[in-house]
Amino acid sequence: MSNSVNVPGTYGPYSHRPIIWGLNQMVGAGTQLTAQTGMRIMNKGGNAVDAAVASALTAGVLEPTAHYTLGGEVAFLFYDAENKVVRSIVGQGWAPKKATVDYFMENFGEIPAGVLSTTVPGVISALLKMLKLYGTMSFHEVVADALNFAQNGFPAYQLFSRTISSDERMENINKYPETAKVFLPDGTPPAIGDLFIQKDLYGTLSLMEQEERNKLDNKASREEAIDAARDVYYKGDVAKRMVDALVALGAPYTYEDFSEYESPEENPISVQYRGYTIYTNQTWTQGITLLQALKILEGFDLSKMGHNSAEAIHVQVEALKLAFADREKYVGDPYFVNVPVKELLSEEYCALRRKLIDASVACASYPPGDPIKLLPVIDNYTDTSASNNSDTQPVFSEDGTTYLATIDSKGNMVSATPSSFSALAQGMILGDTGVLINCRGCYFWLDPENPNCIDGHKRPRTTPCTFIILKNGKPYMTLGTPGGDSQPQSNLQVFTNIVDFGLDVQEAVEAPRYTGYSFPRSPWPHKEFPNRLDLEGRISDEVLDELKAKGHIAEAIGPWGVRNGFTPLMINESNGVYLGGADPRKESVVLGW
């Protein structure tokens, strides 16, 4: 593809949108109605957590075609300005207790798509736990917009209408009458601008709201009332109806799979990179992959190489390959797997891994290292990747997950990446609850040696990951995006665009990107595409040719073809002004005041 598509932006070499500014509060989200929900909450006196929870609830109504619903999961971080600490919550649901390797091998020989790859939704539990612990408002206050949009509808926007109309979504939706009733009113997908109504989902949220009000009327505390709303979903009538629907479809759930589910708080993990501290959730997400890649890259002078030069892209891609190799060997649910986090992120180990990068040659498949023994390559390594290689073309998942971020007037900051993997492509609405269930369980493996091997009440290592970045101990930036396995890759590019290459936040978001596939993809059957590298067509033909000469199977895709949806928010360290950038590849929006 010719570099003639690289038309200079209105606001800079890349940016066609302006930076958004604020003095008191800011929200970034996947749609403008989602973002307005967060702003409305802070206008009423809510803090960043209240705004993030409200926005996430609203997004669960507005963004099912972004593969995010209230039957999904969330990676959620909160910078607590009063205590100067980053807080994390476990937002990934778990597999049913009966979902073991033996169960799947004896009955299927694989993890089938659809109801058998679902997990207990974690998002409601995580959101209400954070609201209870660190918010200031009630559930009925933060759910108001979600209730309104579910009952009265919202205008079907372009991504929404286009995604439902795709052949893959239409085929799946038509398998399930309850799903088709909602998403194909009158038998056809909603046209752009049509009002889209979800009465059953409204009914579920109303039951939760009413239970909270009943508790408050009986003198319960705010926290007790929020727990009561949560329990409707996980222990009450809604839970029972969801389980009944899952069982009727052939999934091995029991009521206890829902009633026993919890979202514990956890200590986030972090690394230092050129004076910045990058935080992410524990290893039930793939966030550690970005952290390790950055530590490997810290030994290279990226700024000297030049932004989006073949040299810079090459070392970034190779560092990511090394981190993904260790992801597959070590990273999984920390309640089941002893992940050597400290060792994987240590200066000594990352320096050893860095030495494996050849500046002139792309490596198709790196072996994992041994962070405990401080070996760049694990002992007795046998490369089995060829058995999982694919001759087909990788397809970028352009409509998976969403992202939202908030900052309030006190400097509290939330970064959250909600998702419901393949909900419309494989999942279904559960009975008359209106809840569209995730299919995140297809991320599991059936290899007992794999850290992400399936087990009862184990969480799949999920691709949604989210980040909060401090500079000199002060909140500096939120970071996150949709995009499956591309998330660590695109997050790395946006972050280094700012830190290493000096781009402003909007330029960093709009600059052309790449995405690679030289590792097992997270969804079953975990195919990989060694040395495959897609680059947006705005990257020059000369760079493309140089990368091919190094051995990358480099292909130019559309000028905006790596369709993540960033809305990073920042705080200017010199004067405290808020600023943010919105990704034009999606319907992403940043609002400030």
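Everything below is about the structure printed above this text.
## Side note on the side chain of Arg353
Then, number 1: Tracing the backbone shows Arg353 in helix 18 (residues 347-354).
Then, number 2: When near neighbours in sequence (up to four residues on either side) are disregarded, Arg353 contacts Ile296, Leu322, Ala325, Asp326, Pro367, Pro368, Gly369 and Pro376.

## Structural notes on the packing of helix 6 (residues 144-152) against helix 10 (residues 199-217)
For any two helices packed against each other, the geometry comes down to the angle between their axes and how far apart the axes lie.
Then, number 1: As a packed pair, helix 6 and helix 10 sit with axes 8 Å apart at the nearest point and diverge in direction by 150 degrees. It follows that helix 6 is roughly antiparallel to helix 10 by the angle criterion. For helix 6 against helix 10, the interelement crossing comes out left-handed. Contacts between helix 6 and helix 10 involve Ala146, Leu147, Ala150 and Gln151 from the former and Lys199, Tyr202, Leu205, Ser206 and Glu209 from the latter.
Then, number 2: Class assignment for the residues of the contact of helix 6 with helix 10 results in 5 nonpolar, 2 polar and 2 charged.

## A short note on the packing of aromatic side chains
Then, number 1: Here the structure, examined in full by the defined rule, presents 20 aromatic pairs.
Then, number 2: Between Phe154 and Phe160, the aromatic rings sit 5.4 Å apart at their centres with planes inclined by 80 degrees, giving edge-to-face as the arrangement. Taken as a pair, Phe154 and Phe160 share a single burial class, namely buried.
Then, number 3: Ring plane angle 85 degrees and centroid distance 6.0 Å describe the contact between Tyr276 and Phe495, whose orientation is recorded as edge-to-face. With Tyr276 in strand 9 (residues 276-280) and Phe495 in helix 19 (residues 487-499), this residue pair connects regions lying 219 residues apart in the sequence.
Then, number 4: Residue Phe495 is classed as buried on the basis of its relative accessible area, which comes to 1%.
Then, number 5: Taken together, Phe154, Tyr157, Phe160, Phe183 and Phe196 form an aromatic cluster joined through their ring pairs.
Then, number 6: The lysine or arginine in question, Lys240, covers the ring of Tyr255, its NZ or CZ lying 6.0 Å from the ring centre.

## Some details on the sheet that holds strand 14 (residues 514-516)
Then, number 1: Taking strand neighbours across the sheet as the criterion, the 3 strands line up as 14-15-16 in an open arrangement whose pairing is mixed. Edge positions in the sheet fall to strand 14 and strand 16 (553-557), since each of these pairs with one other strand and no more. Across this sheet, the average inter-strand angle for adjacent strands is 20 degrees, counted without regard to direction.
Then, number 2: Looking at chain direction, strand 15 (residues 532-536) and strand 16 are connected through 5 bridges and run parallel. The partner of Leu535 across the bridge, within strand 16, is Ala556.
Then, number 3: Of the strands in this sheet, strand 14 and strand 15 are in contact with helix 16 (residues 310-330), which crosses strand 14 at around 35 degrees.
Then, number 4: The sheet strands contacting helix 21 (residues 541-549) are strand 15 and strand 16, and the helix crosses strand 16 at an angle near 160 degrees.

## Things to note about the side chain of Asp145
Then, number 1: For Asp145, the location among the structural elements is in helix 6.
Then, number 2: At 3.0 Å, the side chain of Asp145 forms a polar contact with the side chain of Arg40.
Then, number 3: Residues contacting Asp145, with those up to four places away along its chain left out, are Thr37, Arg40 and Thr58.

## Some points on the sheet that holds strand 11 (residues 413-419)
Then, number 1: Spatially, the 7 strands line up as an open sheet ordered 7-4-3-11-10-2-19, and their pairing is antiparallel. In the strand order of this sheet, the two ends are held by strand 7 (265-266) and strand 19 (589-592), each with one partner.
Then, number 2: Relative to strand 7, strand 4 (residues 85-89) runs antiparallel, the two sharing 2 bridges. Opposite Ile89, over in strand 7, you have Glu265 as the bridge partner.
Then, number 3: Sheet strands touched by helix 2 (residues 48-62): strand 2 (26-29), strand 3 (73-80), strand 10 (404-407) and strand 11. Its angle to strand 10, the strand with the most contacts, is close to 155 degrees.

The rules we used
Residues numbered from 1 in each chain as written. Predicted model: local features only at pLDDT ≥ 70, side-chain atom pairs only at ≥ 80, totals over all residues. Heavy atoms only, no water. Helix = DSSP H or I, 4+ residues; strand = E, 2+ residues; numbered from the N terminus. Contact = heavy atoms within 4.5 Å. Axes fitted to C-alpha atoms, helices over the stretch in contact; angles between N-to-C directions. Parallel < 35°, antiparallel > 145°, perpendicular 65-115°, else oblique. Left-handed = near helix turned anticlockwise from the far one by under 90°. Nonpolar A, V, L, I, M, F, W, Y, C, P; charged D, E, K, R; others polar. Phe/Tyr/Trp six-rings, centres within 6.5 Å; stacked < 30°, edge-to-face > 60°. Buried < 20%, exposed > 50% of the residue type's maximum accessible area, 1.4 Å probe, protein only. Lys NZ or Arg CZ within 6 Å of the ring centre and 35° of its normal. Pairing = 2+ DSSP bridges. Polar contact = N/O pair within 3.5 Å; in protein donor to acceptor, adjacent residues only side chain to side chain.

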